[in-house]
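Residue strings, one per chain:
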2 protein chains.
Amino acid sequence: MPAELFSIKMKNKKAPVVTIPRLSFYYRALMEKSDTQFVSSQELAELTGTSAAQVRKDFAYFGQFGAAGKGYRVDFLKNSITRILGVDKKWPVALVGVGNLGSALLSYKGFLRQGFHVVAAFDSDEEKIGRELAGVIVQNIDALKDEIKLKKIKIAVVTVPQQAAQDVIDKLVRSGIKAILNFAPVRPRAPKSVEVHNIDLSIELERLAYFLSNSPRRIFGAH
Amino acid sequence: MPAELFSIKMKNKKAPVVTIPRLSFYYRALMEKSDTQFVSSQELAELTGTSAAQVRKDFAYFGQFGAAGKGYRVDFLKNSITRILGVDKKWPVALVGVGNLGSALLSYKGFLRQGFHVVAAFDSDEEKIGRELAGVIVQNIDALKDEIKLKKIKIAVVTVPQQAAQDVIDKLVRSGIKAILNFAPVRPRAPKSVEVHNIDLSIELERLAYFLSNSPRRIFGAH
DNA sequence: TAGATTGTTAATCGATTAACAATC
DNA sequence: TAGATTGTTAATCGATTAACAATC
């Protein structure tokens, strides 16, 4: 059993889900910082728009990373976050649905930077099958299971139309996928052992519309 | 002053931010439901994966929409949610950055359905300027301000590369944009009066990597 | 040593859940 | 009327913030 996994799981209480994306932001801020060896929770807070207490608390869920009076050693912290997030490993990713959005994501080089690498793409459209996109040959969706097993893929990105989404996700789950980033505008059902995160454009736009419709506009005399 | 706006603002306490996307989910669930005239908080909860108490509470922030003993009238509820979210209006949208992702979003018909309509697209690349995409002619980014004023655009989608994002967002703010959906992997600075929501692919993938790295795998003997 | 800053505990804040009187 | 279900209040849960002893 990896020693650090044990310590991560045992330490204190479980980190709140919102801590995880914050770790990513801390990491990004640290990437910009090669000028000094140490960084304080205060400085990291300013760089990421949170509070010093929050920064310290977030790290504390995973162990002790700092030195009282000095702060956090930048390299060590970067390394630690990388290990906590699991981005010290390479992650092969499957992409299902090579439409406009799927193609765009395939070509998105930002993925590679973090160790995520789309190694398989699938579609049901005969037109698209066999074509090459960003170095990946689009395969028939029937090849999904074998390919996922073969390449030991655990993460899938779903960019199929709404109606196809639940079917595709069922198939991914049956193929052994453990984490799914879904762009189809549905809340798909999946077993609790599979983590499904949804990115939903219409929901995001509606949140903005709400903000615009309900933001105070001088009407109530506020400032 | 619109009467319902007044009542929305005055009613109870301010709705928590997480209530808003839930309203969108309730709305979607209601769209599927034309078989009965009434729906109960219990049924809506089951359809959207939340609790009946949560459903009632969410609506209660905005007024009284139900009838004790009967439930909520489906049509009335749909209408009310539409009004609360502000999607009863048409929202012209500007898109900045017509790369892979920007083009994909331009062609994404899902936008239209909710009353969001990309009516202007901008890029700095001479290659792209003048081209037509999904019925919109890509304009030079210098035309941003005039176009936004002219078309009274309040919402912008930003799909430019990381390095350009802050500049573009500053420009949008100066042009009078009030809500921004940003896909560039930065936390942009903007005045509090402008609502900026970020969709960040790498952060989402890192969250999934964290889940995969830290999910219990039989190691601790749990089930 | 004196000053700075951590890690942690306690206090606060905010959101969810439970319970139930009001009422259709 | 009896049964169902709302709207709301109180209890619980979880996350953030404040405060400070420990310590580099």
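Participant: Explanation requested: the overall build of chain A in the structure shown.
Facilitator: In terms of helices and strands, chain A carries 10 helices and 10 strands. For chain A, the spread of C-alpha atoms along the three principal axes comes to 65 × 60 × 35 Å. Scored against the burial criterion, the 223 residues of chain A give a buried share of 48%. A separation of at least 24 residues holds for 55% of the contacts in chain A among residues at least 6 apart in sequence.

Participant: Teacher, can you tell me more about the sheet that holds strand 3 (residues 71-73) of chain B here?
Facilitator: Adjacent strands of a sheet form backbone hydrogen bonds with each other and so pair up, either parallel or antiparallel. All names here are of chain B. Ordered in space as 1-3-2, the 3 strands form an open sheet in which the pairing is antiparallel. One side of each edge strand has no neighbouring strand; the edge strands of this open sheet are strand 1 (38-39) and strand 2 (66-67). Here 2 bridges tie strand 2 to strand 3, and the two strands are oriented antiparallel to one another. Residue pairing for strand 3: Ala67 is matched across the bridge by Gly71. The strands touched by helix 5 (residues 74-85) within the sheet are strand 1 and strand 3, with strand 3 carrying the most contacts at an inclination of about 75°.

Participant: How should I be thinking about the protein's contact with DNA strand C in this particular structure?
Facilitator: Of all residues adjacent to DNA strand C, which total 25 residues, the nearest are Ser41, Arg56, Gly66, Gly69 and Tyr72 of chain A. For DNA strand C, the backbone makes up 65% of the atoms found within 4 Å of the protein, where backbone means sugar plus phosphate. The separation between a phosphate oxygen of DNA strand C and a polar side-chain atom of Ser41 of chain A is 2.5 Å. At 3.1 Å, a backbone N or O of Gly69 of chain A approaches a sugar or linking oxygen of DNA strand C. At the level of secondary structure, the elements contributing two or more residues to the surface near DNA strand C comprise helix 4 (52-60), strand 2 (66-67) and strand 3 (71-73) of chain A together with helix 4 (52-60) of chain B.

Participant: What exactly am I supposed to notice about the interface of chain B and chain A here?
Facilitator: How big an interface is tends to be reported as the loss of accessible area on association of its parts. Contacts between the two partners involve 64 residues from chain B and, on the opposite side, 63 residues from chain A. Carbon and sulfur atoms make up 71% of the surface buried where chain B meets chain A, a total of about 6,100 Å² over both sides. The largest per-residue losses of area from chain B upon contact with chain A belong to Leu205, Glu206 and Tyr210 of chain B, which jointly make up 11% of the total buried on that side. Across the chain B-chain A interface, the total number found is 2 salt bridges. Going through the elements one at a time, helix 1 (3-10), helix 2 (19-31), helix 5, helix 6 (100-107), helix 7 (110-113), strand 9 (179-182), strand 10 (195-198) and helix 10 (201-214) of chain B are the ones with two or more residues in the side of chain B that touches chain A. Top contributing element to the side of chain B that touches chain A by residue count: helix 10 of chain B, with 14 residues. Here the residues of the side of chain B that touches chain A sort into 38 nonpolar, 11 polar and 15 charged.

Participant: Would you explain the protein's contact with DNA strand D in this entry?
Facilitator: The environment of DNA strand D is formed by 24 residues, the closest being Ser41, Arg56, Gly66, Gly69 and Tyr72 of chain B. When atoms of DNA strand D within 4 Å of the protein are split into backbone and base, the sugar-phosphate part holds 66%. A distance of 3.3 Å separates a sugar or linking oxygen of DNA strand D from a polar side-chain atom of Gln54 of chain A. Here a sugar or linking oxygen of DNA strand D and a backbone polar atom of Gly69 of chain B are 3.1 Å apart. Tallying contributions element by element places helix 4 of chain A first for the surface near DNA strand D, with 4 residues. Partitioning the surface near DNA strand D into residue classes produces 8 nonpolar, 9 polar and 7 charged.

Participant: What exactly am I supposed to notice about the pairing of strand 9 of chain B here?
Facilitator: In the case of a regular strand, side chains alternate between the two sheet surfaces. Residues and elements named next belong to chain B. Residues of strand 9 alternate between two faces, with Ala179 and Leu181 on one and Ile180 and Asn182 on the opposite face, all of them buried. Summarising the sheet, strand 8 (residues 155-158) and strand 9 pair through 4 bridges and their orientation is parallel. Among the inter-strand pairings, Ala156 is bridged to a residue of strand 9, identified as Ile180. For the crossover that starts at strand 8, traverses helix 9 (residues 162-174) and ends in the parallel strand 9, the hand is right-handed. Note that strand 9 and strand 10 share 4 bridges and pair parallel. Of the residues in strand 10, the one forming a bridge with Leu181 is His197.

Parameters and conventions
- Residues numbered from 1 in each chain as written.
- Chains lettered and ligands numbered in written order.
- Predicted model: local features only at pLDDT ≥ 70, side-chain atom pairs only at ≥ 80, totals over all residues.
- Heavy atoms only, no water.
- Helix = DSSP H or I, 4+ residues; strand = E, 2+ residues; numbered from the N terminus.
- Buried < 20%, exposed > 50% of the residue type's maximum accessible area, 1.4 Å probe, protein only.
- Contact = heavy atoms within 4.5 Å.
- Pairing = 2+ DSSP bridges.
- Axes fitted to C-alpha atoms, helices over the stretch in contact; angles between N-to-C directions.
- Near = heavy atom within 4 Å.
- Polar contact = N/O pair within 3.5 Å; in protein donor to acceptor, adjacent residues only side chain to side chain.
- Buried area = accessible area lost by both parts, 1.4 Å probe.
- Salt bridge = Lys/Arg side-chain N within 4 Å of Asp/Glu carboxyl O.
- Nonpolar A, V, L, I, M, F, W, Y, C, P; charged D, E, K, R; others polar.
- Right-handed = clockwise from strand over helix to strand, strands pointing away.

Any functional reading would require information that these geometric values do not contain.
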